[in-house]
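# Chain and residue survey
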Amino acid sequence: MSEVLVWIETFHGAALPTSWEALGAGKALADKLGVPLTALVLGENASTVAKVAGEQGAASALICDDATLKVYRLEAYAALLTKVVQERKPRAVLAVATTRGRELLAASAADTDSGMLADISSFEAQSDGGITAVRPVYAGKILSDAAVNAGGTQFLTLRGRAFRPNAANAAGSLAITQIAPALSEDQIGTKIESFQEAASTVNLGDAAIIVSGGRGMDKNPKEAPAGSANAAVWKAQDGFANTLQPLADVLGGAVGASRAAVDAGYIPYAHQVGQTGKTVSPDLYIACGISGAIQHQAGMRTSKVIVAINSDKDAPIFKMARYGLVGDLYKIVPAVTAELKKRLGK
Amino acid sequence: MHCVVFTRATPDTAAKVEVGANGAVTWGDAALVVNPWDEYALEEAIVQTQNGGKTTVIALGGEMHLDALKHSLAMGINDAMRIDDPALDPTDSLAYARTAAAAVKKLGDVTLVLFGKESVDVGTDQHIYGTARKLGWAMLSAVSKIIALDEVAGTIQVERLLEQGKEVVTAKLPAVVSVTKEINEPRYPSFIGIRKASKAVIPVLSLADLGISAAASPTRIDAYRNLPVRDSQVEMINGTPEEQAAILVDRLLGEKVL
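Residues numbered from 1 in each chain as written. Chains lettered and ligands numbered in written order. Predicted model: local features only at pLDDT ≥ 70, side-chain atom pairs only at ≥ 80, totals over all residues. Heavy atoms only, no water.

### Quick look at the overall build of chain B
On a plain count of helices and strands, chain B comes out with seven helices and 15 strands. Taken over the C-alpha atoms alone, chain B extends approximately 70 × 45 × 40 Å along its principal axes. With 258 residues in all, chain B has 52% of them scored as buried. Accessible area for chain B stands at about 11300 Å²; split by element, carbon and sulfur atoms hold 51% of it. (Helix = DSSP H or I, 4+ residues; strand = E, 2+ residues; numbered from the N terminus. Buried < 20%, exposed > 50% of the residue type's maximum accessible area, 1.4 Å probe, protein only. Areas by Shrake-Rupley, 256 points an atom, 1.4 Å probe, with all protein chains shown as cover.)

Written out as structure tokens, the structure reads:
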């Protein structure tokens, strides 16, 4: 059957918001190819999530909420996706390029000897049946024009925030098909022992606004308490928590950091933006005390609006910024936070 | 225990990467280094075999990967091998996975295959998952800690760092594991290690040596391009911090990004 299949990634029985971007991209592809759009929803709460997929443009959904699939496990999910691909021979399989999406589609593509393009920022179906796509490579320093050839199922994982979800339509009709799992519990070698949810999840990939700090965070005028092992580290950590975080909070954004700040121990690695961290493309990126090394630029240069706050007027970050503010970030950032509170009525 | 690490060379992450007039990717005179993510995998292989066992590092592709293999040996990996064949395109993930799996099978006694999280240059990790599937082994990605590895029981327990938190999972050995930065602190090669590695002769195997032949690739790369020039006419906002803040917020409200 010719169709476009989109895996809707869920966590605790709810769809990831970026999954709807994948479904939106899948809808555009299905419409262009003139084939139906099918959502694949596995695990806890699958039928509820599938109904939302219907409102978001899926014509049908394949669901399986068997106990073996309650929580994502590659082994169980990949076996089932591979079975679906072998039986239904979809034209394309799409998902968001998260940790799970990337490994699941790659596993199934390998199982079925299919072509896959990972972490793409745009794509287009060609008249010869192939799909061409743009992949940012070298952490976004250059672009690659890649293609998956016609014939066989084409697997694509999509970069978060690069595609638009469909406008929801509650009147959409949806045909739901229950499918059986491919493996029984005793055939699955992987057992999840525990899951510790992060106290504060750092999801830079999804954030519409990011406030980032760099090496300059150690210029905090506050005195480090007597006995701190390293005054600069204390000052920078205090700055991330009490100067940048409040700005991020008032904007509903996330806190990022440069590699220099992470390497110096100012903030955990999960916050790192750049080539060995996360590549992000928010609507607004505010760089505070970041000089703008090439490997940091690579990770954030596709941000829509970049604001640079730095005491060094010659910092390279100003060359790529839309707005530049030269001065002490510890004076400017609190002033911006206060101004925003006033203007946004918070 | 025999532990295999796959590695490759990548341009230094500080390099300015561009596409030249002839369409080729260039990185000036920046050095080629071991893919930074792989250093964690190499370190973990050494740690996991310190009470007995053997480590082998493998690269797929041309001579550009030689220094990455030598760096691995200098860190303390026992053996190195390179797989190179005119019919092998290691940038094709499916070809990579088939070849890597064949190499592991040829070694025969491997319990654990380690990879760094991804290739920092082309940002690819699908060859890792493909290798696990072609081997038919368990795949554990984003591993931040190997909690226990019991060869007798044939199990491995790891901590994985996912978007929403930490997962502890037990799987059957043999397994393919890809590791994150949190797993360890990679060592620097010792002087003696560097000297020994510089003298090492690294065997090169062909696809025929592995008993496989090349298959047609379902994907291709048509071209590399430089990024469109960022239209960034920077507007410098001056004044007291309060004045700067007021103007900035005006501008941001005008941009409709809030």
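### Looking at the nonpolar core
Residues Leu104 of chain A together with Phe6, Ile83, Val113 and Val176 of chain B are the most contacted members of the largest nonpolar core, which totals 54 residues. Broken down by element, this core gets its largest block of residues, eight residues, from helix α3 (residues 74-88) of chain A. Membership of the second largest hydrophobic core comes to 41 residues, among which are Leu247, Val255, Ile332 and Val336 of chain A. (Core = buried A, V, L, I, M, F, W, Y, C linked by side-chain atoms within 4.5 Å.)

### Quick word on the environment of Gly136 of chain B
The topology assignment puts Gly136 of chain B in the loop between α4 (126-135) and β9 (138-150). Considering only alpha carbons, one finds Gly136 of chain B and Ala101 of chain B, 35 residues apart in sequence, at a separation of 9.2 Å.

### Digging into the sheet that holds strand β11 (residues 165-172) of chain B
Note: strands within a sheet are paired through backbone hydrogen bonds, in either parallel or antiparallel orientation. Strand order in this open sheet of 10 strands is β13(A)-β11(B)-β10(B)-β9(B)-β12(B)-β8(B)-β1(B)-β6(B)-β7(B)-β13(B), and the pairing throughout is mixed. Strand pairing shows two members of the sheet lacking a second neighbour, β13 (191-197) of chain A together with β13 (204-205) of chain B, which therefore form its edges. In the sheet, strand β1 (residues 2-6) of chain B pairs with strand β8 (residues 110-116) of chain B via four bridges, with the strands oriented parallel. Bridge pairing links Val4 of chain B to Val113 of chain B in β8 of chain B. Seen against the sheet, helix α2 (residues 66-75) of chain B touches β6 (54-60) and β7 (79-83) of chain B and runs at an angle of roughly 165° to β7 of chain B. Where helix α3 (residues 93-107) of chain B meets the sheet, it contacts β1, β6, β7, β8 and β13 of chain B, and its direction lies at approximately 150° from that of β6 of chain B. (Pairing = 2+ DSSP bridges. Contact = heavy atoms within 4.5 Å. Axes fitted to C-alpha atoms, helices over the stretch in contact; angles between N-to-C directions.)

### A word on the domain arrangement of chain A
Reports often express the size of an interface as the amount of accessible area lost when the parts come together. Residues and elements named next belong to chain A. For chain A, the assigned domains read domain 1 (4-187) and domain 2 (204-343). Each of domain 1 and domain 2 was reduced to a C-alpha centroid, and the two centroids are 35 Å apart. Listed as interface residues are seven residues of domain 1 and, on the opposing side, 13 residues of domain 2. Each partner contributes to the roughly 820 Å² buried at the junction of domain 1 and domain 2, and carbon and sulfur atoms together form 45% of this total. On the domain 1 side of the contact with domain 2, Ala139, Lys141 and Arg161 bury the most area, a combined 69% of that side's loss. Seen at the junction of domain 1 and domain 2, the total is one salt bridge. (Domains from an automatic or database assignment. Buried area = accessible area lost by both parts, 1.4 Å probe. Salt bridge = Lys/Arg side-chain N within 4 Å of Asp/Glu carboxyl O.)

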